[in-house]
Amino acid sequence: MATIFTALQDVHARIHAACTAAARNSGDVSLLAVSKTFPSCDIRELYEYGQRAFGENYAQELASKYQDLKDCTDLEWHFIGPIQSNKTRLIAESAAWVHTIDRFKIAERLSEQRPSHLAPLNICLQVNVSGESSKSGVAPSHLLELAQQVGHLPRLQIRGLMCIPEATENQALLAEQFATLVQLKEQLTAQGFTLDTLSMGMSNDLELAIASGSTLVRVGSAIFGARTYPLGSI
Ligand SMILES: *Cc1c(COP(=O)(O)O)cnc(C)c1O
């Protein structure tokens, strides 16, 4: 049976191979270990192997793991789930990054609630690159306006863009949606934004995401194993 340690090594090897294939440096792609639904002891184990960045989708779960692992001082929490406005304080107080900003109202609350002793919250704007109506993310046509609004908030720093492409096996379609995010980042850069992050790629598509230009892959099941959601819990 694969241990968390060998699974982590396998994911590092996949990232390295994908970077080599794309003539990119492995150091240009960072690994976010998506730990949602997995216990704090698994996170601590990965921390002991050197993993520092962890992604969570639920504010309450983030807050409780943040408390459990407070002694891991350089552990970096990334919030990657949909955000309800009544949960922004938990996120503002415990996360270093939020990848899922698609509305100004939520960004404004996070900025207001970010404690002054902490560095500004790093932000990725989530873009709906597939155009599916069920998907979160700002429409590409409204991205510039959102970036300009969020850019004025004092306690946030926009670092880049994030997407969750369509759930499809169609590689050409996926590549097209990743390319859309790359183009949008270039357009914002041309408008004067300084962005260093493209948050795209998960367990099943990290190779294609890296070939497309990803700088951060969000990997859950390939490290922790399959997720099971207790009935009615989430
Ligand atoms: C759960 C989740 C992931 C990780 O997905 P895996 O397929 O388990 O790697 C990545 N990004 C987001 C936004 C998620 O919600």
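Refer to the structure presented above.
Residues numbered from 1 in each chain as written. Predicted model: local features only at pLDDT ≥ 70, side-chain atom pairs only at ≥ 80, totals over all residues. Heavy atoms only, no water.

Visitor: Give a detailed account of the overall build of the protein chain, specifying residues and quantitative values.
Guide: Counting secondary structure elements, the protein chain contains nine helices and eight strands. What you see for the protein chain is a C-alpha radius of gyration of 17 Å, in line with the 17 Å of a compact globule of 234 residues. In terms of its C-alpha atoms, the protein chain occupies a principal-axis envelope of roughly 50 × 40 × 35 Å. Sorting the 234 residues of the protein chain into buried and exposed places 48% on the buried side. (Helix = DSSP H or I, 4+ residues; strand = E, 2+ residues; numbered from the N terminus. Rg over C-alpha atoms; globule rule 2.2 N^0.38 Å. Buried < 20%, exposed > 50% of the residue type's maximum accessible area, 1.4 Å probe, protein only.)

Visitor: An account of the pairing of strand β5 (residues 121-126) is needed here, citing residue identities and associated values.
Guide: Where a strand is regular, its side chains alternate between the two sheet faces. Within β5, six of the six residues are buried, which leaves the element mostly enclosed by the surrounding structure. Side chains L121, I123 and L125 project from β5 onto one buried face, and the interleaved N122, C124 and Q126 project onto a second face that is buried too. Note: strand β4 (residues 97-101) against β5, three bridges, orientation parallel. Looking across to β5, one finds that I101 is bridged to L125. Taking the sense of rotation as the criterion, the β-α-β connection linking β4, helix α5 (residues 104-113) and β5 turns out right-handed. Across six bridges, β5 lies against strand β6 (residues 156-162) in parallel orientation. (Pairing = 2+ DSSP bridges. Right-handed = clockwise from strand over helix to strand, strands pointing away.)

Visitor: Describe the packing of aromatic side chains, and please don't skip the residues or the numbers.
Guide: Inspection of the entire model under this criterion finds three aromatic pairs. When the ring of F54 is compared with that of W77, the centres are 6.2 Å apart and the planes differ by 50°; the resulting orientation is tilted. Note that F54 is positioned in strand β2 (residues 53-56) and W77 in strand β3 (residues 76-79), a separation of 23 residues in sequence. On the accessibility criterion, W77 (4% relative accessible area) is buried. Here the guanidinium or amino end of R52 rests over the ring plane of Y47, the centre of that ring lying 3.7 Å away. (Phe/Tyr/Trp six-rings, centres within 6.5 Å; stacked < 30°, edge-to-face > 60°. Lys NZ or Arg CZ within 6 Å of the ring centre and 35° of its normal.)

Visitor: Tell me about the site of the ligand, and please be specific about residues and values.
Guide: As a structural note, the neighbourhood of the ligand is formed by 13 residues, with K36, N57, S203, S221 and R227 the closest of them. Between the ligand and G220, the relevant distance is 2.8 Å, taken from an oxygen atom to a main-chain nitrogen or oxygen of the residue. Notes on the ligand: free accessible area 390 Å², of which the protein chains cover 90%. Partitioned by chemical class, the residues of the shell around the ligand number six nonpolar, four polar and three charged. (Near = heavy atom within 4 Å. Polar contact = N/O pair within 3.5 Å; in protein donor to acceptor, adjacent residues only side chain to side chain. Areas by Shrake-Rupley, 256 points an atom, 1.4 Å probe, with all protein chains shown as cover. Nonpolar A, V, L, I, M, F, W, Y, C, P; charged D, E, K, R; others polar.)

Visitor: A description of the environment of K65 should follow, citing residues and the corresponding values.
Guide: With respect to the helices and strands, K65 occurs in helix α3 (residues 59-68). Look past the residues within four positions of K65 in its chain and what remains in contact with it is S35, K36, T37, F38, S40, I43, E56 and W77. (Contact = heavy atoms within 4.5 Å.)

Visitor: Tell me what's going on with helix α6 (residues 143-151), and back it up with residues and numbers.
Guide: By the burial criterion, the buried members of α6 are L143, L146, A147 and V150. Seen end-on, α6 carries its buried residues on one side only, within an arc spanning 100°. Contacts from the buried residues of α6 go to β4, α5, β5, β6 and α7 (171-190). (Arc of directions from axis to C-beta.)

Visitor: Provide a residue-level description of unusual backbone geometry, including the pertinent values.
Guide: Trans is the common state for peptide bonds, and a negative phi is the common state for residues other than glycine. The backbone of A23 sits at a positive phi, close to 55°, despite the residue not being glycine. Residue position: A23 is located in the loop between α1 (4-21) and β1 (30-34).

Visitor: Give a description of the nonpolar core that names residues and reports values.
Guide: If you look at the biggest cluster of nonpolar residues, it comprises 63 residues, and the most contacted ones within it are I101, L110, L125 and I223. Residues contacting I223, with those up to four places away along its chain left out, are I4, A7, L8, V11, L31, A33 and L46. L32, V34, I80 and L216 belong to the second-largest nonpolar core, a separate cluster that totals five residues. (Core = buried A, V, L, I, M, F, W, Y, C linked by side-chain atoms within 4.5 Å.)

Visitor: So what about the side chain of S214? Which residues, and what values?
Guide: Turning to its location among the elements, S214 is positioned in the loop between α8 (206-212) and β8 (216-219). A polar contact is formed between the side chain of S214 and the backbone oxygen of M200, at a distance of 2.7 Å.

Visitor: A description of the side chain of S40 should follow, citing residues and the corresponding values.
Guide: By secondary structure assignment, the location of S40 is in helix α2 (residues 40-48). On the basis of relative accessible area, S40 is assigned to the buried category, the value being 15%. Among residues more than four places away in sequence, those in contact with S40 are K65, D68 and L69.

Fair warning: the whole summary comes from geometry, so function is off the table for now.
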